[in-house]
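Okay, here's what each chain looks like letter by letter:
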There are 2 protein chains.
Amino acid sequence: MTKAALRDLIHVTKALADETRVRVLLALRQQELCACQITALFGLAPSTMSEHLFLLKQGGLVDSRKEGRWIYYSLPGKDVPEAAREALRWVCRVLADDPRVVEDVAKLQRILKRDPAELCRKRCRKRRFCL
Amino acid sequence: MTKAALRDLIHVTKALADETRVRVLLALRQQELCACQITALFGLAPSTMSEHLFLLKQGGLVDSRKEGRWIYYSLPGKDVPEAAREALRWVCRVLADDPRVVEDVAKLQRILKRDPAELCRKRCRKRRFCL
DNA sequence: ATTCTATTTCGGTAATAAGCGAAATGACGA
DNA sequence: TCGTCATTTCGCTTATTACCGAAATAGAAT
């Protein structure tokens, strides 16, 4: 179809070849999340998570939307590139019941109850803040 | 479903996160191939290819069968693990028309015309033999 | 304008992975 | 048995990547 399907696919598989990144995708199933919420969910440095999100975006596995200072990430909509669409369905289906992913969802519920602004402040001031 | 779906899936995605390895999978669509044929196809050292094949096997993306001194690799049959089945269909479908993959198929035709024994001898004696 | 603040970019370190050649393994043939 | 040969394992080097903190960027609020 497209000319460089191989390169595109490798972008996708490299993006998926890291535990943190696939867990991010699973966390986005229900709603979009801002970068600080994702960062809080996994307890990594903001810079680290930013790089993970860049790789996901490069693979076409997430969309991002800027609103004020916040950047919201979400699973891609109808414009999802071909190489990524099936991969997303596959990953979400295979991992839906994985215990780690279930834990992540529970923790995410707690994070969503908090004010994102306050979350960010805590997160960015004192590093390694983890709910 | 299974307990450690996440670990299994990462094995699959890491196996797929390398250009050589996905090209090996595509080359196996039509027929099983022995290790020396695969090695000749890509022009890598036998030890390197052996490690690639190990990773593919670890991800459940190939089966292997020993016949005498030769080891034949093939796409997995009905016993393919859940984490790998859909991934295989996805990769093969997305890459079917990629120019590099098409080249590989053409080169593979030439390799299949040769006697595997002779191929192996050349390949293993003088390293970097490439058809 | 200046100060906060959410995110990204940069520089560096430690862990992981791809590549090779040499040596080990295991099966066949003389 | 002994050598031959296809493949794998091992030790090593180089390249890539995950991670961090510090600095840079960009948007909001004062």
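Before going into details, it helps to say that this report is about the structure given with it. Remember, it's a predicted structure, so these values are computed and weren't measured experimentally. (Residues numbered from 1 in each chain as written. Chains lettered and ligands numbered in written order. Predicted model: local features only at pLDDT ≥ 70, side-chain atom pairs only at ≥ 80, totals over all residues. Heavy atoms only, no water.)

Another aspect to go through is a positive patch on the surface. On the surface, Arg85 and Arg89 of chain A together with Arg85 and Arg89 of chain B cluster together into a patch of positive charge. For the positive patch, the secondary-structure elements that each account for two or more residues are helix 5 (82–95) of chain A together with helix 5 (82–95) of chain B. By secondary structure assignment, the location of Arg89 of chain B is in helix 5. Exposure remark for Arg89 of chain B: the relative accessible area of 52% places this residue in the exposed category. (Patch = residues over 30% accessible without salt bridge, like charges linked within 9 Å, V, L, I, M, F, W, Y side chains within 5 Å. Areas by Shrake-Rupley, 256 points an atom, 1.4 Å probe, with all protein chains shown as cover. Salt bridge = Lys/Arg side-chain N within 4 Å of Asp/Glu carboxyl O. Lys, Arg positive; Asp, Glu negative; His and termini not counted. Charge placed at Lys NZ, Arg CZ, Asp CG, Glu CD. Helix = DSSP H or I, 4+ residues; strand = E, 2+ residues; numbered from the N terminus. Buried < 20%, exposed > 50% of the residue type's maximum accessible area, 1.4 Å probe, protein only.)

Turning our attention to the environment of Thr20 of chain A. Residues and elements named next belong to chain A. Its location among the elements puts Thr20 in helix 2 (residues 19–27). The exposure class assigned to Thr20 is buried, which follows from its relative accessible area of 16%. Along the primary structure Thr20 and Met49 are separated by 29 residues, whereas in three dimensions their C-alpha atoms are 8.9 Å apart. Leaving out residues up to four positions away in the same chain, Thr20 has contacts with Phe42, Leu44, Met49 and His52. (Contact = heavy atoms within 4.5 Å.)

The subject of this paragraph is the interface of chain B and chain A. Put simply, an interface is often sized by how much accessible area is lost when its parts join up. At the interface, 29 residues of chain B touch 29 residues of chain A. Taking both sides of the interface into account, the surface hidden between chain B and chain A amounts to around 2600 Å²; carbon and sulfur atoms contribute 64%. Inspection of the region where chain B meets chain A yields 2 salt bridges. Among the salt bridges present, the one from Arg93 of chain B reaches Glu86 of chain A, with a minimum N-O distance of 2.1 Å. Taken together, chain B and chain A are joined by 12 residue pairs in polar contact (both at pLDDT 80 or more). In terms of residue count, helix 5 of chain B provides more of the side of chain B that touches chain A than any other element does, 9 residues in total. Taken together, the residues of the side of chain B that touches chain A sort by class into 17 nonpolar, 1 polar and 11 charged. (Buried area = accessible area lost by both parts, 1.4 Å probe. Polar contact = N/O pair within 3.5 Å; in protein donor to acceptor, adjacent residues only side chain to side chain. Nonpolar A, V, L, I, M, F, W, Y, C, P; charged D, E, K, R; others polar.)

It is worth spelling out the relation of the copies chain B and chain A at this point. The two copies are related by a screw motion: chain B maps onto chain A through a turn of 180° and a shift of 0.0 Å along the axis, at an RMSD of 0.0 Å. Within this description, the copies of the chain are treated as partners about a two-fold rotation axis. Considering only C-alpha atoms, the residue of chain B closest to the rotation axis is Thr13 of chain B, which sits at 2.9 Å. Comparing interface residues between copies, 100% of those in chain B also sit at the interface in chain A, which points to an isologous, same-surface contact. (Least-squares fit on C-alpha atoms with pLDDT ≥ 70 in both.)

Turning our attention to the packing of helix 2 of chain A against helix 1 (residues 5–16) of chain B. Where helix 2 of chain A contacts helix 1 of chain B, the two axes come as close as 10 Å, and the packing angle between them is 115°. Between helix 2 of chain A and helix 1 of chain B the crossing geometry is right-handed. Facing Glu19, Val22 and Arg23 of chain A of helix 2 of chain A, the residues of helix 1 of chain B in contact are Leu6, Leu9 and Ile10 of chain B. Taken together, the residues that form the contact of helix 2 of chain A with helix 1 of chain B break down as 4 nonpolar, no polar and 2 charged. (Axes fitted to C-alpha atoms, helices over the stretch in contact; angles between N-to-C directions. Left-handed = near helix turned anticlockwise from the far one by under 90°.)

Let us look at the sheet that holds strand 1 (residues 33–34) of chain A. All names here are of chain A. Pairing is antiparallel across the open sheet formed by 3 strands, whose spatial order is 1-3-2. Strands at the two margins of the open sheet, each flanked by one partner only, are strand 1 and strand 2 (63–67). As judged from the 2 bridges shared by strand 1 and strand 3 (residues 70–74), these two strands associate in the antiparallel manner. Within strand 3, the residue paired with Cys34 across the bridge is Tyr72. (Pairing = 2+ DSSP bridges.)

Scope: geometric values only; no functional claims are made or implied.
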